[in-house]
Amino acid sequence: MSKRSKEINEESGSQNDSSRKSFLAPWQLPNNLMTIAELAELIGLSVQTIYNMVGQRRIPHVKVGRLLRFDKRLIDDWLKTNTVMPLSDLRR
């Protein structure tokens, strides 16, 4: 930490680290977040269709500033809950 940064921290005194917002640069995002293009390729839908679903809040997504990202685990869960099983499996 630079000398000036330390001075600013000491001047603010009453603020603790948890009250400060931290921002991540795009290259600092967690590995489990996918871009819209990666998601489109994964589930076989067009990018425009995914944008439409985001606008309708039909698919789980994360906004990181202006960036739109998709958590792999949430997408996997969403796919499982939206899977329609065939009737033949239900009758058994």
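Reading the values: the criteria
Residues numbered from 1 in each chain as written. Predicted model: local features only at pLDDT ≥ 70, side-chain atom pairs only at ≥ 80, totals over all residues. Heavy atoms only, no water. Helix = DSSP H or I, 4+ residues; strand = E, 2+ residues; numbered from the N terminus. Buried < 20%, exposed > 50% of the residue type's maximum accessible area, 1.4 Å probe, protein only. Areas by Shrake-Rupley, 256 points an atom, 1.4 Å probe, with all protein chains shown as cover. Salt bridge = Lys/Arg side-chain N within 4 Å of Asp/Glu carboxyl O. Polar contact = N/O pair within 3.5 Å; in protein donor to acceptor, adjacent residues only side chain to side chain. Contact = heavy atoms within 4.5 Å.

Caption draft 1: Local environment of the overall build of the chain. When you go through the chain residue by residue, the secondary structure sums to five helices and three strands. Walking the chain from its N terminus toward its C terminus, one meets helices and strands in the order α-β-α-α-β-β-α-α. The 92 residues of the chain split such that 18% are buried. Per element, the accessible surface of the chain, about 7,700 Å² overall, is 52% carbon and sulfur.

Caption draft 2: Region of the structure containing the pattern of salt bridges. Considering all chains together, one arrives at two salt bridges under this definition. Put simply, Arg73 and Asp71 hold a salt bridge, and the shortest N to O gap is 3.4 Å. Taking the relative accessible area as the measure of exposure, Asp71 reaches 13% and is therefore buried. Asp76 serves as the salt-bridge partner of Lys72, at 3.1 Å between the closest nitrogen and oxygen. Of this pair, Lys72 and Asp76 both sit in helix 4 (residues 72-81), four residues apart, roughly one helical turn. Exposure remark for Lys72: the relative accessible area of 31% places this residue in the partly exposed category.

Caption draft 3: Layout of the side chain of Asp71. As for its position among the elements, Asp71 is in strand 3 (residues 67-71). Separated by 3.2 Å, the side chains of Asp71 and Asn32 make a polar contact. Once you skip the residues sitting within four places of it in the chain, Asp71 turns out to touch Asn32 and Leu33.

All quantities given are derived from atomic positions and should not be read as evidence of function.
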